[in-house]
Amino acid sequence: MRVAPKEVETFRDDFTYSNSPEAIKRFPFPFPEDEYRYSVNMEPHTPKGREGSAYEHFLDIDEHYLSEMTERKLVLDAMPHRCLAMDHMELACWDMLERLMTSLAEDYSDYFKLTIEGDQWTWENKLLNIHDTFTFGDSSTLPKPPLEYIGCQVQGDFALLDQRDGDLFLDAGMVTCPADWSLAFDAGMSFKEWHGPVPMAHNEGIFERALKYLTAMQVGSPIRRLNWTLTVNARMDTSPETYHEWGHERTSVTPENVGEKVYLRVEVQVMDRMPRSNALMFIIRTYLISLEDIATNPEWAKRMHRTMKTLPAPLIEYKGLNRYHSMVVDYLSQFDPAN
Amino acid sequence: MSNQIKVEVASICQVAPTIREFTLEAIDDELYPFSPGAHVVVEMPSAKKIYKNAYSLLSDPADTNRYRIAVRLQEASRGGSIYMHEQVKVGDQLLISPPSNLFSPFWLAKKHLMLAGGVGVTPFMSYIPEMLRRNADFELHYMYRSLQTGAYKNELSEQLGDKYFGYDSDRHTRCDVTELLSQQPLGTHIYICGPESLIQAVEEAAQTLGLPASVIHSEEFAAPKPGMPFIAEIKSSGQQVEVSAEDSLLEALEASDISVPNLCRGGVCGQCVCTVEEGDIDHRDQYLSDDEKAAGKTIMPCVSRAAGERLVLDI
Ligand code: HEM
Ligand code: FES
């Protein structure tokens, strides 16, 4: 890992979260073109970019690790139902634990260690001072149920989809940093149902194609796609459950503070077939960067100006940007004089 | 496929008059764990051509040291099963795909009713250990002809006791499917693996009884129906690829070193879709929508063919 975990910073109240110059450089900037439109933007999740890039490993552990794990604990302590697993997802939860532990131990051996002797597993997480021995497949031997146990040690939100009748169902997950959607609300829904609120994409057949692709995914060939939105302040937990805490912050953006207050929120979403349960694991790894920090890269600032300026109205509305979208465009226009 | 796994045939045994079981062990990598109902695609490099057939994994999914498959010798075989029966010896190496699953149990079912016909018992061999672990309510109804099939019937009967029901049509015991279905409690899901005739019989019975289609799950690994030979022309290179009556279009393309992404090789996954520039299509897949089929612009070469003598592919 190029970017070692920093001291704990906050994603609420005093918002001390910040990106180091190295973290800015490796930020997964999501706009390959001057116009952004929904598409079936799925590609094999194989390493990409130079050493240390956000796509170097299956899971990306970065300088915000400790901060995000602290934030996750705050959310779960206050709202335990932000993590749930229906009974029939037990095996899928163990699949997920196995996949995450083996890839962490392989890619970040300085921090994580997994020792397997038959069904006796020993897991060491040096960043969080965790050292446990348990029986694989037996939840009573872990301090917490498997999904919660491993989910609290990996950056990103998680969903486990049960596959039935050529469809996917949101039957388990841990979601503490969503871009305005609720796991408790979506639990048990099918692929098209939980995507119900998304504008435009349904008519274009995007979800139909994506679902066909997902249900045919094979073990050992993960894929990824990027999604993005904007967030006011470096707030991880923008959930419907806590809307009263953050919804009003959208009115606090002014032309003077837009550069530091508005963050580009990028989700690197990884999908991977689970071998034992045939479930699909869905990881939503969220990255935040302020517009000011984006502006340190003139190419990004210029590109983002163009994508924001040409963003279709239904997307502005759906992503909740109405209040401050024009201020974002105005701010970014200084980096794109020709447009 | 680049993600193929190299395995060695560790043992072979005759499990019924026309069925052989092969135990496969990994050579370099470890084998993936797999889920109940999963299958692998086995590549068989015969002298004439490379056959690729899908076979259900029939071992306990918890055992990741080896895979077992069972192959029935098909009289009207396209050659794959003959190759497995006559050519493959202990110690041979084969290439297989990672396991995938198009026939997973519906775990929310109140009860699982499995109907197996002949070698169609194989996917249930991986269902049963997991159902036992979960204490699921299930029954296996196994229809076979003891002069040909009936693999594992004794061990299944012993292991499952009153959950097991065998029907040997060579001894004139038959399963009354309508009667059986009519006795099932609400919330039962029905799984069928076997010949098309069995699947049809169950589907008709279900319809008569008013059972929703959503509780019926079937898996049929029928070889593609034979077709007429035709020529596929590659637009970009002008290359003419001859597709014989026995080969699928996908196989013929591969034999000419034209690789097309593919996964299921059975017309369901959508990976192999190709654009058709010219020629009528005999659509045999379940992937394209009716509208897409009617438009006649795309083809799934793993199962579909030309309706005429020539197709021009835009690849
Ligand atoms: C199977 C894993 C997936 C899960 C669990 C998932 C979940 C979600 C959820 C919960 C939302 C928010 C919907 C809302 O507003 O309530 C969403 C939005 C969306 N999803 Fe997915 N999704 C998955 C896969 C995909 C795939 C493969 C695509 C590919 C096209 C996709 C495209 C979208 C789009 C375009 C949006 C709107 C995002 C925005 O504009 O902010 N999703 N997804
Ligand atoms: S390979 Fe799956 S549809 Fe052709």
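What you are looking at is a predicted structure, and each value in this text was computed from that prediction instead of being measured.

## Some points on the overall build of chain B
When helices and strands are tallied, chain B shows 7 helices and 18 strands. Radius of gyration (C-alpha) of chain B: 20 Å, near the 20 Å computed for a compact globule of 315 residues. In terms of principal-axis extent, the alpha carbons of chain B reach across some 65 × 50 × 35 Å. Split into buried and exposed, the 315 residues of chain B put 52% on the buried side. In chain B, once contacts between residues fewer than 6 apart in sequence are set aside, the share between residues at least 24 apart is 66%. Of the roughly 14600 Å² of accessible surface on chain B, 46% is carried by carbon and sulfur atoms.

## Topic: the pairing of strand 7 (residues 111-117) of chain B
Residues and elements named next belong to chain B. With 7 of 7 residues buried, strand 7 lies mostly within the body of the structure. Along strand 7, one buried face is formed by K111, L113, L115 and G117 and the opposite face, lined by H112, M114 and A116, is buried too. Bridge count between strand 7 and strand 8 (residues 138-144): 6 bridges; the pairing is parallel. Bridge pairing in strand 8 places L113 opposite E139.

## Section: the coordination of the iron atom of ligand 1
Of all protein atoms, just one serves as a donor to the iron atom of ligand 1, and that atom is H195 of chain A (NE2), at 2.0 Å. You can see H195 of chain A is positioned in the loop between helix 6 (191-194) and helix 7 (206-215).

## Details of the nonpolar core
Ranked by internal contacts, the top residues of the largest apolar core, which has 99 residues, are L97, L100, L230, L264 and M304 of chain A. It is helix 3 (residues 90-107) of chain A that contributes the most residues to this core, 9 residues altogether.

## Points about the side chain of D167 of chain A
All names here are of chain A. The topology assignment puts D167 in strand 7 (residues 167-174). Despite its burial, D167 remains without a salt bridge, the nearest opposite charge being carried by K192 at 7.1 Å. Within polar-contact distance, the side chain of D167 engages the backbone nitrogen of F191 at 3.4 Å. Excluding residues that lie within four positions of it along the chain, D167 makes contacts with D162, S190, F191, L211 and T215.

## Examining the pattern of salt bridges
Two side chains bearing opposite charge may form a pair once their charged atoms approach each other closely. In this structure the tally under the stated criterion is 42 salt bridges over all chains. Here D237 of chain A ties to R82 of chain A by a salt bridge, and the two come within 2.6 Å at their closest N and O atoms. Here D237 of chain A is found in the loop between strand 8 (223-232) and helix 8 (243-246), whereas its partner R82 of chain A is found in the loop between helix 2 (65-78) and strand 2 (83-85), with 155 residues between them in sequence. Residue D237 of chain A shares its accessibility class with R82 of chain A, and that shared class is buried. Between E277 of chain B and K235 of chain B there is a salt bridge, with the nearest N and O atoms lying 3.7 Å from each other. Here the residue E277 of chain B occupies a position in strand 14 (residues 274-278), and K235 of chain B occupies one in the loop between strand 12 (230-234) and strand 13 (240-243), the gap between them amounting to 42 residues. Each of R26, D60, D62, E68 and R285 of chain A takes part in salt bridges that share partners, so that together they form one network.

## With respect to the pairing of strand 8 of chain A
Residue and element names in this part refer to chain A. For strand 8, a buried count of 9 out of 10 residues is recorded, marking the element as mostly surrounded by other parts of the structure. In the sheet, strand 1 (residues 43-44) pairs with strand 8 via 2 bridges, with the strands oriented antiparallel. Along strand 8, the bridge assignment pairs E43 with R224. Bridging between strand 8 and strand 9 (residues 262-273) involves 10 bridges; their strand directions are antiparallel. By the bridge assignment for strand 9, L230 is matched with L264.

## What to know about the packing of aromatic side chains
This structure, assessed with the given rule, holds 27 aromatic pairs over all chains. Between Y127 of chain B and Y191 of chain B, the aromatic rings sit 5.4 Å apart at their centres with planes inclined by 80°, giving edge-to-face as the arrangement. Taken together, the residues span a long stretch of sequence, with Y127 of chain B in helix 2 (residues 122-133) and Y191 of chain B in strand 10 (residues 188-193) at a distance of 64 residues. Given the relative accessible area of 0%, Y191 of chain B is considered buried. An aromatic cluster of at least three residues, connected via ring pairs, comprises F29, F31, Y36, Y38, W228 and W300 of chain A. Over the face of the ring belonging to W228 of chain A we find K319 of chain A, whose NZ or CZ atom lies 4.2 Å from the ring centre. When the ring centre of W107 of chain B is taken as origin, the NZ or CZ atom of R134 of chain B, which lies over that ring, is 3.7 Å away.

## Some words on the sheet that holds strand 5 (residues 130-135) of chain A
Residue and element names in this part refer to chain A. Pairing is antiparallel across the open sheet formed by 3 strands, whose spatial order is 3-4-5. Looking at strand neighbours, the two that pair on one side only are strand 3 (112-117) and strand 5, the edges of this open sheet. Pairs of neighbouring strands in the sheet enclose a mean axial angle of 10°, with direction left out of account. Bridging between strand 4 (residues 120-125) and strand 5 involves 6 bridges; their strand directions are antiparallel. Opposite W123, over in strand 5, you have D132 as the bridge partner. Its contacts with the sheet place helix 3 against strand 3, strand 4 and strand 5, and it is angled at close to 120° to strand 3.

## Topic: unusual backbone geometry
The backbone of N278 of chain A sits at a positive phi, close to 65°, despite the residue not being glycine. Relative to the helices and strands, N278 of chain A resides in the loop between strand 9 and strand 10 (280-290). Of note in this structure, Y152 of chain B is not a glycine but carries a positive phi near 65°. As for its placement among the helices and strands, Y152 of chain B is situated in the loop between strand 8 and helix 3 (153-160).

## A word on the sheet that holds strand 9 of chain A
Read across the sheet, 7 strands follow the order 1-8-9-10-6-7-2 (chain A) without closing on themselves; strand pairing throughout is antiparallel. Edge strands, defined here as strands with exactly one partner in the open sheet, are strand 1 and strand 2 of chain A.

## Topic: the interface of chain B and chain A
For an interface, size is often stated in terms of accessible area lost upon the parts coming together. With 25 residues of chain B in contact, the opposing surface of chain A contributes 17 residues. Our count for the contact surface shared by chain B and chain A stands at 0 salt bridges. Linking chain B to chain A there are 3 residue pairs in polar contact (both at pLDDT 80 or more). When the residues that make up the side of chain B that touches chain A are grouped by side-chain class, the tally is 13 nonpolar, 9 polar and 3 charged.

## Brief notes about the site of ligand 1
Residues and elements named next belong to chain A. In the vicinity of ligand 1 lie 22 residues, with Y38, W194, H195, Y318 and K319 positioned nearest. At 2.4 Å, a side-chain N or O of Y38 approaches an oxygen atom of ligand 1. Contacts to ligand 1 include Y318, whose side-chain N or O atom sits 2.4 Å from an oxygen atom. For the shell around ligand 1, the elements supplying multiple residues, two or more each, are helix 6, helix 7 and strand 8. If one sorts the elements of the shell around ligand 1 by residue count, helix 7 sits on top with 4 residues.

## A word on the domain arrangement of chain B
Residues and elements named next belong to chain B. Looking at the assigned domains, one finds that chain B contains domain 1 (5-101), domain 2 (111-219) and domain 3 (230-313). Here the C-alpha centroids of domain 1 and domain 3 sit 27 Å apart. With 5 residues of domain 1 in contact, the opposing surface of domain 3 contributes 5 residues. Taking both sides of the interface into account, the surface hidden between domain 1 and domain 3 amounts to around 470 Å²; carbon and sulfur atoms contribute 36%. In this structure, the connection of domain 1 to domain 3 is made through 0 residue pairs in polar contact (both at pLDDT 80 or more). Here the side of domain 1 that touches domain 3 is composed, by residue class, of 2 nonpolar, no polar and 3 charged.

The rules we used
Residues numbered from 1 in each chain as written. Chains lettered and ligands numbered in written order. Predicted model: local features only at pLDDT ≥ 70, side-chain atom pairs only at ≥ 80, totals over all residues. Heavy atoms only, no water. Helix = DSSP H or I, 4+ residues; strand = E, 2+ residues; numbered from the N terminus. Rg over C-alpha atoms; globule rule 2.2 N^0.38 Å. Buried < 20%, exposed > 50% of the residue type's maximum accessible area, 1.4 Å probe, protein only. Contact = heavy atoms within 4.5 Å. Areas by Shrake-Rupley, 256 points an atom, 1.4 Å probe, with all protein chains shown as cover. Pairing = 2+ DSSP bridges. Donors = N, O, S within 2.8 Å, 3.2 Å for Na, K, Ca; no water. Core = buried A, V, L, I, M, F, W, Y, C linked by side-chain atoms within 4.5 Å. Lys, Arg positive; Asp, Glu negative; His and termini not counted. Salt bridge = Lys/Arg side-chain N within 4 Å of Asp/Glu carboxyl O. Polar contact = N/O pair within 3.5 Å; in protein donor to acceptor, adjacent residues only side chain to side chain. Phe/Tyr/Trp six-rings, centres within 6.5 Å; stacked < 30°, edge-to-face > 60°. Lys NZ or Arg CZ within 6 Å of the ring centre and 35° of its normal. Axes fitted to C-alpha atoms, helices over the stretch in contact; angles between N-to-C directions. Nonpolar A, V, L, I, M, F, W, Y, C, P; charged D, E, K, R; others polar. Near = heavy atom within 4 Å. Domains from an automatic or database assignment. Buried area = accessible area lost by both parts, 1.4 Å probe.

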